[in-house]
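Architecture at a glance
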Amino acid sequence: LGFETLRACGVSRERARRAVTHFKGVPGRLEKIAEKNKRTFYNDTTATTPEAATAALQALLDKEIVIIMGGSDKGLDFSPFLRELERAQACVLLPGTGSDRIIVESTEEVKRKIMLAPTMKDAVERAYTLSREGGVVLLSPGCASFGLFKNEFERGDEFVSAVHAL
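As the structure is a computational prediction, the values presented were derived from the model and not from experiment.

Moving on: the overall build of the protein chain. Looking only at helices and strands, one finds eight helices and six strands in the protein chain. Reading the protein chain from its N end, one meets helices and strands in the order α-α-β-β-α-β-α-β-α-α-β-α-β-α. Based on the C-alpha atoms only, the size of the protein chain along its principal axes is roughly 50 × 35 × 30 Å. Across the 166 residues in the protein chain, those meeting the buried criterion constitute 43%. The contacts in the protein chain between residues at least 6 apart in sequence include a share of 68% that link residues at least 24 apart. Looking at the protein chain as shown, the accessible area adds up to about 8900 Å², and 54% of this sits on carbon and sulfur atoms.

Among the nonpolar cores identified, the biggest contains 21 residues, and Ile67, Met69, Phe81, Leu85, Ile102 and Leu138 are the most heavily contacted of them. Looking at this core, the elements with two or more residues in it are α3 (50–59), β3 (65–69), α4 (79–85), β4 (90–93) and β6 (136–139). Those residues in contact with Ile102 that lie beyond four places of it in its chain are Met69, Gly70, Phe78, Phe81, Leu82, Leu93, Ile114 and Cys143.

Looking now at α3. The periodicity of an α-helix, 3.6 residues per turn, causes residues three or four positions apart to be oriented the same way. Taken together, the buried positions of α3 are Pro50, Ala53, Thr54, Ala56 and Leu57. The arc that holds the buried residues of α3, viewed along the axis, is 160°, so those residues lie on one side. Contact partners of the buried residues in α3: β3, α4 and β6.

Packed helix pairs are characterised by how far apart their axes lie and by the angle those axes make with each other. Where helix α7 (residues 120–130) contacts helix α8 (residues 152–165), the two axes come as close as 9 Å, and the packing angle between them is 50°. By the criterion of interaxial angle, the relationship of α7 to α8 is oblique. In this structure, α7 meets α8 at a crossing whose hand is right-handed. Residues Met120, Lys121 and Val124 of α7 touch α8, and the partners they reach there are Arg155, Glu158, Phe159, Ala162 and Val163. Of the residues in the contact of α7 with α8, the class split is five nonpolar, no polar and three charged.

A separate point is the side chain of Ser99. Topologically, Ser99 is positioned in helix α5 (residues 97–105). A polar contact is formed between the side chain of Ser99 and the backbone nitrogen of Gly71, at a distance of 3.0 Å. Among residues more than four places away in sequence, those in contact with Ser99 are Met69, Gly70, Gly71, Leu93 and Leu94.

What follows is about the environment of Thr107. Along the chain, Thr107 falls in the loop between α5 and α6 (108–113). In the structure, Thr107 is positioned 24 residues away from Arg83 in sequence and 8.4 Å away in space, judged by C-alpha atoms.

Conventions adopted
Residues numbered from 1 in each chain as written. Predicted model: local features only at pLDDT ≥ 70, side-chain atom pairs only at ≥ 80, totals over all residues. Heavy atoms only, no water. Helix = DSSP H or I, 4+ residues; strand = E, 2+ residues; numbered from the N terminus. Buried < 20%, exposed > 50% of the residue type's maximum accessible area, 1.4 Å probe, protein only. Contact = heavy atoms within 4.5 Å. Areas by Shrake-Rupley, 256 points an atom, 1.4 Å probe, with all protein chains shown as cover. Core = buried A, V, L, I, M, F, W, Y, C linked by side-chain atoms within 4.5 Å. Arc of directions from axis to C-beta. Axes fitted to C-alpha atoms, helices over the stretch in contact; angles between N-to-C directions. Parallel < 35°, antiparallel > 145°, perpendicular 65-115°, else oblique. Left-handed = near helix turned anticlockwise from the far one by under 90°. Nonpolar A, V, L, I, M, F, W, Y, C, P; charged D, E, K, R; others polar. Polar contact = N/O pair within 3.5 Å; in protein donor to acceptor, adjacent residues only side chain to side chain.

Set out below in structure tokens:
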């Protein structure tokens, strides 16, 4: 379907294939930022809703994931996200009203996986320690960034800096 649409707009199949092959993705949207000691780090800071964070977990379905999440509550339904967290290896929560709700609404299985982190630096260090070779450390908060960060981009920048500092 995609190639047919592009062809209808006058784009050749070869040009479309080259564009897709060279597309690096969008910063802060499931962006692969580093590999360290056989662990892959993804910045999905723009996942400010539970639905977006759920999609990130599902996109990495075949990986063992330690997720950094939480922040300010937007009053959205966490239930599908919380069900998806059951398959995560561990969950590192940043401070915020959304994080408080996640703790209260989680199953006992998910609660056992939760570790709190007061700063992004602490969250990255804890997530790295909890992760295993071949696994993923994923920042996909499912919440707004306000409180600890000015916006989601500052949150993502701090994540990237903390990963590079490991």
